[in-house]
Amino acid sequence: QQQVKQSPQSLIVQKGGISIINCAYENTAFDYFPWYQQFPGKGPALLIAIRPDVSEKKEGRFTISFNKSAKQFSLHIMDSQPGDSATYFCAASRTSGYSTLTFGKGTMLLVSP
Amino acid sequence: GAVVSQHPSWVICKSGTSVKIECRSLDFQATTMFWYRQFPKQSLMLMATSNEGSKATYEQGVEKDKFLINHASLTLSTLTVTSAHPEDSSFYICSARDSETSGSYEQYFGPGTRLTVT
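Quick look at the structure, then. This is a predicted model, so every value here is computed, not measured. (Residues numbered from 1 in each chain as written. Chains lettered and ligands numbered in written order. Predicted model: local features only at pLDDT ≥ 70, side-chain atom pairs only at ≥ 80, totals over all residues. Heavy atoms only, no water.)

**Some details on the overall build of chain B**
Note the threshold: Only runs of H or I of at least four residues qualify as helices and only runs of E of at least two qualify as strands under DSSP, and these elements are numbered from the N terminus. Between the two quantities, the radius of gyration covers C-alpha atoms and the globule rule is 2.2 Å times the number of residues to the power 0.38. Burial classification: accessible surface area is computed with a 1.4 Å probe over protein chains only, and a residue below 20% of its type maximum counts as buried, one above 50% as exposed, and the rest as partly exposed. Contact criterion: two residues are considered in contact whenever any of their non-hydrogen atoms come within 4.5 Å of each other. To measure how exposed things are, a 1.4 Å probe is used in the Shrake-Rupley method; for residues, cover is taken only from the protein chains shown.
Along the backbone of chain B there are zero helices and 11 strands. Helices and strands appear in chain B in the N-to-C order β-β-β-β-β-β-β-β-β-β-β. A compact globule built from 118 residues would reach a C-alpha radius of gyration of about 13 Å, and chain B, at 14 Å, matches this within 12%. Expressed as lengths along the three principal axes of its C-alpha atoms, the size of chain B is roughly 45 × 25 × 20 Å. For chain B, the residues scored as buried account for 49% of the 118 residues in total. Contacts in chain B between residues at least 24 apart in sequence constitute 56% of all its contacts with a sequence separation of at least 6. Entry remark: accessible area of chain B is about 5700 Å², with carbon and sulfur atoms responsible for 51%.

**Some remarks on the pattern of salt bridges**
All names here are of chain A. Threshold: Counted as salt bridges are all cases of a side-chain nitrogen of Lys or Arg within 4 Å of a carboxyl oxygen of Asp or Glu.
The tally for this structure, following the rule as stated, stands at five salt bridges over all chains. Note that arginine 51 and aspartate 31 form a salt bridge whose closest N and O atoms lie 3.4 Å from each other. Of this pair, arginine 51 sits in the loop between β5 (45–50) and β6 (56–59) while aspartate 31 is found in the loop between β3 (19–25) and β4 (33–38), placing the two residues 20 residues apart along the sequence. Judged by its relative accessible area of 27%, arginine 51 is partly exposed. Among the ionic pairs, glutamate 59 bridges to lysine 57, the shortest N-O distance being 3.7 Å. Judged by its relative accessible area of 32%, lysine 57 is partly exposed.

**So, a nonpolar patch on the surface**
Put simply, the test is: Think of a patch as exposed residues, more than 30% relative accessible area, with no salt bridge, where like charges cluster within 9 Å and nonpolar side chains (Val, Leu, Ile, Met, Phe, Trp, Tyr) cluster within 5 Å.
On the surface, a nonpolar cluster with roughly 240 Å² of combined accessible area is contributed by A:Ile18, A:Ile20 and A:Met78. The residue A:Ile20 is located in strand β3 in this model.

**Some words on the interface of chain A and chain B**
Formally: Buried area is a sum: the accessible area each of two parts loses on coming together, probed at 1.4 Å, counted once for each and added. Any pair of N or O atoms that falls within 3.5 Å is considered a polar contact. Within protein, one atom must be able to donate a hydrogen and the other to accept it, and sequence-neighbouring residues count only if both atoms are side-chain atoms. Polar here means any residue other than Ala, Val, Leu, Ile, Met, Phe, Trp, Tyr, Cys and Pro, which are nonpolar, and Asp, Glu, Lys and Arg, which are charged; Gly is therefore polar.
Of the residues lining the interface, 19 residues belong to chain A; the matching set on chain B comes to 20 residues. Summing both partners gives a buried area of about 1500 Å² for chain A against chain B, and 60% of it is carried by carbon and sulfur. The tally of links from chain A across to chain B stands at zero salt bridges. Inspection of the region where chain A meets chain B yields four residue pairs in polar contact (both at pLDDT 80 or more). Here the side of chain A that touches chain B is built from residues that sort into nine nonpolar, seven polar and three charged.

**Considering the state of the cysteines**
Using the following cut-off: Our working definition of a disulfide is a cysteine sulfur pair at a distance within 2.5 Å.
A full pass over the atoms with the stated rule returns two disulfides over all chains. Here A:Cys23 pairs with A:Cys90 through a disulfide, and the sulfurs are 1.9 Å apart. Classification of the bridge connecting A:Cys23 and A:Cys90 rests on its S-S torsion, roughly -95 degrees, and on that basis the disulfide is left-handed. Of this pair, A:Cys23 sits in strand β3 while A:Cys90 sits in strand β9 (residues 86–92), placing them 67 residues apart in sequence. In this structure A:Cys23 comes out as buried when scored by relative accessible area, which is 3%. Residue A:Cys90 is classed as buried on the basis of its relative accessible area, which comes to 0%. At a sulfur-sulfur separation of 2.0 Å, the disulfide partner of B:Cys23 is B:Cys94. Here B:Cys23 and B:Cys94 share a disulfide; its torsion about the S-S bond, 80 degrees, makes the bridge right-handed. Placement of the pair is B:Cys23 in strand β3 (residues 19–25) and B:Cys94 in strand β9 (residues 90–97), with a sequence separation of 71 residues. As far as the burial class goes, B:Cys23 and B:Cys94 line up, both buried.

Note that all results are geometric; they support no functional claim without further evidence.
See the structure below:
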């Protein structure tokens, strides 16, 4: 019930291409879905997040698509750049009460020049 | 805004000694802070939730007597690894939740502390 499954484990995309990372959750009580970007030796940084009241959220080159009925959400990175090479984690939590983030296992993205 | 710092960023200690890691929210107050542990090429593992003025809540399997957490103010939480052993070597990351903004639930992460126990 608490798992968040993330795929793929690793991804290689050419510069200018679209990177797509998928996550699926089980707990229907989750209502907050953030994505974090982490560079080697650094802490994760909040990239973009979505609530279930919308099906898509876009910030610059980053878009979250959310499918409540399928309990899935995905991150799309448009026009991927070498500087986007990092590990991406999806997460989920409840916004009410005592709540902690449940993380996916992460996706290592490499954008080739 | 929403900056979280950690100190030190990197520490080496000898087996059997204790080491303290500080986590500070620099521009907001944080009633709740979280401590994570991350092994190479793995996800973040929540160790404990730190609440200002009260005892920390530890996740199952985390030894509370080994990993002492103190959240003495709204901007500072500390993690002390006591009697450290080589298997405690890891990347420790804290995060903080903004308690000043009503309804805020985002967690902001610190830059992490690399602990190496020799």
